[in-house]
Amino acid sequence: MTTTLRPTEPLQHTAEGHRARRFAVCVNSRPVGTLHLATHPVFGPSVAQILDLRIEEPDRGRGRGTVAALAAEEVARAWNCRRLELAVPAGETALLRLAGALGYAERNRNLAKPLPDRPPALPAGSAGRGMTEAEYGPWLAKEKTRYERGIAARGATAQDARARSERDHAALLPDGTGTPDVLLGVLEHEGQPVGTLWVAQRADGAFVYDVEVAAEHRGRGHGRSLMLWAEADAIAAGAARIGLNVFADNTAALRLYASLGYEPTRYHLYKQLL
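Residues numbered from 1 in each chain as written. Predicted model: local features only at pLDDT ≥ 70, side-chain atom pairs only at ≥ 80, totals over all residues. Heavy atoms only, no water.

Chemist: Mind laying out the overall build of the protein chain, listing which residues take part and the relevant values?
Modeler: Of the regular secondary structure elements, the protein chain holds six helices and 13 strands. The dimensions of the protein chain, computed from C-alpha atoms along their principal axes, are 70 × 40 × 30 Å. Out of the 274 residues belonging to the protein chain, those deemed buried represent 45%. Taking all contacts inside the protein chain whose residues are at least 6 apart in sequence as the whole, residues at least 24 apart take part in 63%. Accessible area for the protein chain stands at about 14,300 Å²; split by element, carbon and sulfur atoms hold 52% of it. (Helix = DSSP H or I, 4+ residues; strand = E, 2+ residues; numbered from the N terminus. Buried < 20%, exposed > 50% of the residue type's maximum accessible area, 1.4 Å probe, protein only. Contact = heavy atoms within 4.5 Å. Areas by Shrake-Rupley, 256 points an atom, 1.4 Å probe, with all protein chains shown as cover.)

Chemist: Explain the packing of aromatic side chains to me, using residue names and the numbers behind them.
Modeler: Per the counting criterion, the structure on display carries five aromatic pairs. Relative to W198, the ring of W139 has its centre 5.6 Å away and its plane inclined at 80°; by these criteria the two rings are edge-to-face. Taken together, the residues span a long stretch of sequence, with W139 in helix α3 (residues 133-152) and W198 in strand β10 (residues 192-202) at a distance of 59 residues. When sorted by exposure, W139 lands in the same class as W198, which is buried. Here a set of aromatic residues connected by ring pairs shows up, and it is made of Y136, W139, W198, F207 and Y209. (Phe/Tyr/Trp six-rings, centres within 6.5 Å; stacked < 30°, edge-to-face > 60°.)

Chemist: Run through the packing of α3 against helix α4 (residues 158-172), naming residues and quoting values.
Modeler: In contact at an axis separation of 8 Å, α3 and α4 are set at 130° when each is read in the N-to-C sense. Considered as vectors, α3 and α4 are oriented oblique to each other. Read as a crossing pair, α3 and α4 show a hand that is right-handed. Across from L140, E143, K144, Y147, E148, I151 and A152 in α3, the residues of α4 making contact are A161, R162, R164, S165, E166, D168 and H169. Looking at side-chain class alone, the contact of α3 with α4 contains five nonpolar, two polar and seven charged residues. (Axes fitted to C-alpha atoms, helices over the stretch in contact; angles between N-to-C directions. Parallel < 35°, antiparallel > 145°, perpendicular 65-115°, else oblique. Left-handed = near helix turned anticlockwise from the far one by under 90°. Nonpolar A, V, L, I, M, F, W, Y, C, P; charged D, E, K, R; others polar.)

Next up, the structure:
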């Protein structure tokens, strides 16, 4: 039996070079699933995404998904894409195994945890305070630069990465340190600044956008203190859940979050197309 992709809509094509198309996954012309492939709206036409891949229950476990994913790679190559990405919910173990077998690597993952009723206490000698305006400018410049580099590493041009960073930070922090429902804080230990925190209250709970311990103060438990402060702030704001994003190669952070009870909710994977 032959598994193929059959387009179910015309190719969507923009003037900027972005493409998208939906397909039926077919076995000898019999539809057994669906595939949605598109280039990335942020990282440009050179990066494609598998937005959806589903095989109907009776046809699972027969290699249909593998063939469909490989066919998606060929379509992406025909679109001149150099990279293919997909996001997999943590509960989709079969899809995660398939992605691993096909050579996809994890780039980052989303983590979350339910919050307790009572806020945790910070260790003795540690206390949080709001970021001053004098501290905010250098912090924001550093944050924007780091964000730009992350976007550029995924295929965006330097100009597009800079524009995206400016746009996203303006949307997330329109009033700087006075942005509603946002904590921009500095953790002090025995009166000395040791780290910074950016956490926001959203409709689905609190989200930690950034937590950083100054290089000279790492390895002393301040990262845990920053996360406890983020959780305490979220509880005080009435949140029942807190989430964050972490890169797969940040093993120290992964260990910290696991020890605090955070669990994966979604994995973000990629594969270079040669």
